[in-house]
Amino acid sequence: AVQTYTLTYEDSMDRMNKSQAMQTATKDVAIQTAQIELLIRTVNDHSKSEKDRKLALEKVNTALEANGIATINDINATGQVIVAKDALIKKLQQEAKVRGKLAYLEELYAKQVKLQAGVGTMTELSAANKMITDQLGGVGKLMQTTNDFLTSGMGTTVTDLQNIQKEIEMISESVYND
């Protein structure tokens, strides 16, 4: 039986978000976010020495500069520090999401190649079976029916391939929309 399930955009996004690629990207940004939060706490903690606060601000500024965000000159500019921190975390999350999507796309392309190779093999097998059926005449009908029954699961490969191609298209489009 040929599978007729067609992948929806929501299904595709759900599969991508649950993928190992996205989980890894999300984990990495969570670690970076925690490090930034600790540095920001140090910058804003007036019980810390001025030297420690300035050192923490230097590290924050390095991250800000690396991400194209304006640096902060005053350790007492709490509002400015918070705005910069929020912008930095948002940018890191955005980049992680794109990295995760691109890694997931790599997985999808690998699956597509495997499925395409499988489709080519089945076509050759089907042609060989047709040739045998033609040579055997009526006896071949039984053989073809048996073959159809035994290989009916293979019909899903084409639909799986179409779903993978559709998912690649949807994920690729979502990368450019981020």
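Overview of the structure. (Residues numbered from 1 in each chain as written. Predicted model: local features only at pLDDT ≥ 70, side-chain atom pairs only at ≥ 80, totals over all residues. Heavy atoms only, no water.)

### A short note on the overall build of the protein chain
Logical step 1: The secondary structure content of the protein chain amounts to six helices and zero strands.
Logical step 2: The order of helices and strands in the protein chain, counted from the N terminus, is α-α-α-α-α-α.
Logical step 3: Counting across all 178 residues of the protein chain, residues that qualify as buried make up 31%.
Logical step 4: In the protein chain, of all internal contacts separated by at least 6 residues, the share reaching a separation of at least 24 is 69%.
Logical step 5: Of the roughly 11300 Å² of accessible surface on the protein chain, a fraction of 57% belongs to carbon and sulfur atoms. (Helix = DSSP H or I, 4+ residues; strand = E, 2+ residues; numbered from the N terminus. Buried < 20%, exposed > 50% of the residue type's maximum accessible area, 1.4 Å probe, protein only. Contact = heavy atoms within 4.5 Å. Areas by Shrake-Rupley, 256 points an atom, 1.4 Å probe, with all protein chains shown as cover.)

### Focus: the nonpolar core
Logical step 1: Leu64, Ile72 and Leu88 are the most contacted members of the largest nonpolar core, which has 17 residues in total.
Logical step 2: Ignoring any residue separated from it by four or fewer positions in sequence, one finds Leu64 in contact with Ile69, Ala70, Thr71, Ile72, Ala84 and Leu88.
Logical step 3: Core analysis: the next-biggest nonpolar cluster, separate from the first, contains 13 residues, Met13, Met16, Ala21 and Ile168 among them. (Core = buried A, V, L, I, M, F, W, Y, C linked by side-chain atoms within 4.5 Å.)

### Quick word on the environment of Ala56
Logical step 1: Relative to the assigned elements, Ala56 resides in helix α3 (residues 50-66).
Logical step 2: Sequence spacing of Ala56 and Thr42 is 14 residues, and the spatial spacing of their C-alpha atoms is 6.4 Å.
Logical step 3: With near-sequence residues (within four places) excluded, Ala56 lies in contact with Leu39, Thr42 and Val43.

### With respect to α3
Logical step 1: In this model α3 runs 24 Å from its N-terminal to its C-terminal C-alpha over 17 residues, within 8% of the 24 Å that 1.5 Å per residue would give.
Logical step 2: Among the residues of α3, Arg53, Ala56, Leu57, Val60, Asn61 and Leu64 are the ones counted as buried. Projected down its long axis, α3 carries its buried residues within an arc of 145 degrees, all on one side. Exposed side of α3, more than 90 degrees from the buried face: Lys51, Glu58, Thr62, Glu65 and Ala66 are the residues found there.
Logical step 3: At the C-terminal side of α3, Gly68 shows a positive phi close to 70 degrees. (Expected span 1.5 Å × (residues − 1). Arc of directions from axis to C-beta.)

### Topic: the pattern of salt bridges
Pairing is possible between side chains of opposite charge, provided their charged atoms come close.
Logical step 1: For the structure shown, the criterion picks out five salt bridges.
Logical step 2: Note that Glu167 and Arg15 form a salt bridge whose closest N and O atoms lie 3.2 Å from each other. With Glu167 in helix α6 (residues 156-177) and Arg15 in helix α1 (residues 9-18), this pair connects stretches of sequence that are 152 residues apart.
Logical step 3: Using a relative accessible area of 0% as the deciding quantity, one classes Glu167 as buried.
Logical step 4: By relative accessible area, which is 36% here, Arg15 ends up partly exposed.
Logical step 5: Between Lys54 and Glu50 there is a salt bridge, with its nearest N and O atoms 3.1 Å apart. (Salt bridge = Lys/Arg side-chain N within 4 Å of Asp/Glu carboxyl O.)

### Some thoughts on the packing of helix α2 (residues 20-44) against α3
Logical step 1: Viewed as axis vectors pointing N to C, α2 and α3 meet at an angle of 140 degrees, and their least axial separation amounts to 8 Å. Crossing geometry of α2 relative to α3 is assigned as left-handed. For the pair formed by α2 and α3, the contact residues are Leu39, Ile40, Thr42 and Val43 on the first element and Asp52, Arg53, Ala56, Leu57, Lys59 and Val60 on the second.
Logical step 2: Tallied by class, the residues present in the contact of α2 with α3 amount to six nonpolar, one polar and three charged. (Axes fitted to C-alpha atoms, helices over the stretch in contact; angles between N-to-C directions. Left-handed = near helix turned anticlockwise from the far one by under 90°. Nonpolar A, V, L, I, M, F, W, Y, C, P; charged D, E, K, R; others polar.)

### Re the packing of α1 against α2
Logical step 1: Between α1 and α2, whose axes approach to 5 Å, the crossing angle comes to 60 degrees. Relative to α2, the element α1 lies oblique. Here Met16, Asn17 and Lys18 of α1 come into contact with α2, specifically with Gln20, Met22 and Gln23.
Logical step 2: Looking at the contact of α1 with α2 residue by residue, the class counts come to two nonpolar, three polar and one charged. (Parallel < 35°, antiparallel > 145°, perpendicular 65-115°, else oblique.)

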